[in-house]
Amino acid sequence: MIPTAEPAQGDRRATYREVLAEPRFRLLVSTRTVAITADSLRITTFSVLVFATTGSALLSALAFGTGFLPQLFGSLLLGSLADRLPPRALIAGGYALECAAALLLALVRMPIAASLSVVALVALATPVFSGASSRLVAQCLEGDAYVLGRSLNNIAGSGAQLFGLALGGATVAALGPHRALAVSAALYLGCALAIRIRLPRLQPVEFGGTPGSARGDDGTVRASLRGAGLLLCARTVRRLMLAQWLPPAFVAGAEGLLVAYAGGRRFAPGWYAVLMGCLPVGMLVGDLLVGRLLRPPTRERLVVPLIVLMGLPLAGFAAEPGVGVSSCLLLLCGFGFAYGLGLQRPFLDALPPDGQGQAFGLLGSGGMTLQGVGPACFGSVAAGTGTGGAIALAGGAAALTAGWILTWHPPTSPAPVPNSSTGAGNGAEQYACSTPAQ
């Protein structure tokens, strides 16, 4: 059972106009939209390049997911920096690092293994600047405005994925894959400059602080590991993270096989981009309708049905349908991604105030890591069952997550207890860690 808001605040519905009135949010969401366009262009171009070079569905899936896999390690080892350092430097630096990696892939002809290593190394830093950005959004927006802010992020991200796919197809056709990667580098550079110029140099009261750590006293790695451990020991936080991690990871496993599925079914050139574009279209429509038309308690009650809707359509790929049916199934799957809106408020409410940056970084990095594992796992399954069967299995696994959520008892938020190791005067708190892992 998902925790619901108190009636007094749970029935108040914010508007997109109210959310967009916040200038820092507008800057963050616009640069993130451009960056997702660059991500989509880079990832799909790189995946197609690897598949064309090797003819391997597994390597193509690995190319699709390599940027996700190392993020969990980055969050565990460096995540506390999202709460300790000024966000402008972190966010701008992150986009600059993505720019440098894309330029390296574009300009230097490397073996496939070396190219994968470049993407993996850059991904280690992603949780730090993404966590800092998410923390800023949580500070700018309150209540249902925060949930709608996440909805706008999702809508903009879906549109950016579509544009990135279209831009990727056109750019690869006109310039070739290596120059297409250079275009993605230019987009990252624009994001870095926009953040550096337009985001104010904030003067926070404190940037230090992860749950249970002394502010500024511990080393980065020690503070990051301690903070991540305390977050994951809290049952409510752990469950809500897993609920946001698992279904997208299974769907990513299916998505990573779409290039190989289109090739195996001998669809016309370019149809792989149409299939991959159906997921973000469904996500865009789902987030827009669920975020704008439904009240917060209703969104939270629809979490389980939307997860089922997310997974079951992919089971239809067991019959290896053609382009039309496949597109419809992927649209329905994408609509189900709106389930995440019902988890945003409970998740934010469960977080300690001084560790939100690391928590958001861990949420994103854990999700990205599992979304990297998904293509690798189901790419291996495809070797035995075929791509259609592997996609169907991925959808069934996503739908089963809904059954797990139904087994939850009404959760009680973990009670914070004073952290005696940091002194009584710094206001730090840590979560009790007395429940078994779930």
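Residues numbered from 1 in each chain as written. Predicted model: local features only at pLDDT ≥ 70, side-chain atom pairs only at ≥ 80, totals over all residues. Heavy atoms only, no water.

## Quick word on the overall build of the protein chain
The test is simple: Each helix is a run of H or I in the DSSP string that is no shorter than four residues. Each strand is a run of E no shorter than two, and both are numbered from the N terminus. Residues are treated as being in contact if the distance between any of their heavy atoms lies within 4.5 Å. Calculation of accessible area relied on Shrake-Rupley with a 1.4 Å probe; when residues are assessed, cover is drawn exclusively from the protein chains displayed.
A count of helices and strands for the protein chain gives 21 helices and two strands. When contacts within the protein chain are restricted to residue pairs at least 6 apart in sequence, long-range pairs at least 24 apart make up 85% of them. With an accessible surface of roughly 17400 Å², the protein chain has 66% of that area assigned to carbon and sulfur atoms.

## Description of the environment of alanine 125
Here alanine 125 shows up in the loop between α8 (112-123) and α9 (126-140). Each C-alpha atom, one on alanine 125 and one on glutamine 71, is 7.3 Å from the other, the two residues being 54 residues apart in sequence.

## Brief notes about helix α18 (residues 323-336)
Defined as follows: Helix span, as expected, comes to 1.5 Å for every residue beyond the first. Remark: exposure states derive from per-residue accessible area (1.4 Å probe, protein chains only) relative to the maximum for the residue type, with buried under 20%, exposed over 50%, and partly exposed in between.
In this model α18 runs 20 Å from its N-terminal to its C-terminal C-alpha over 14 residues, within 8% of the 20 Å that 1.5 Å per residue would give. Inspection of α18 places Val323, Ser326, Ser327, Leu329, Leu330, Cys333, Gly334 and Gly336 among the buried residues, and these make up the whole buried set. As for α18, its buried residues are in contact with α13 (235-255), α14 (258-264), α15 (271-293) and α17 (303-311).

## Re the packing of α15 against α18
Stated precisely, the cut-off is as follows: Every angle, taken between N-to-C directions, lies between 0 and 180 degrees, and every axis is a line fitted to C-alpha atoms, over only the stretch in contact when it is a helix. Left-handed describes a crossing whose near helix is turned anticlockwise from the far helix by less than a right angle; the clockwise case is right-handed. Gly is placed with the polar residues, together with every amino acid not listed as nonpolar (Ala, Val, Leu, Ile, Met, Phe, Trp, Tyr, Cys and Pro) or charged (Asp, Glu, Lys and Arg).
Remark: α15 packs on α18, axes separated minimally by 7 Å, with the N-to-C direction vectors making an angle of 35°. Once α15 is placed against α18, the crossing between them reads as right-handed. Facing α15, whose interface residues are Trp271, Val274, Leu275, Cys278, Leu279, Val281, Gly282, Met283, Val285, Gly286 and Leu289, α18 presents Val323, Ser326, Ser327, Leu330, Leu331, Cys333, Gly334 and Phe335. Of the residues that constitute the contact of α15 with α18, the class distribution is 14 nonpolar, five polar and no charged.

## Notes on the environment of serine 365
One can find serine 365 in helix α20 (residues 356-385). Take serine 365: its relative accessible area is 0%, and that puts it in the buried class. Between the alpha carbons of serine 365 and glycine 131 there is a distance of 9.1 Å; along the sequence they are 234 residues apart.

## Observations regarding the packing of helix α3 (residues 23-54) against helix α10 (residues 144-175)
Between α3 and α10, the shortest axis-to-axis distance is 7 Å and the interhelical angle comes to 35°. Crossing of α3 against α10: the hand is right-handed. Looking at side-chain class alone, the contact of α3 with α10 contains eleven nonpolar, eleven polar and one charged residues.

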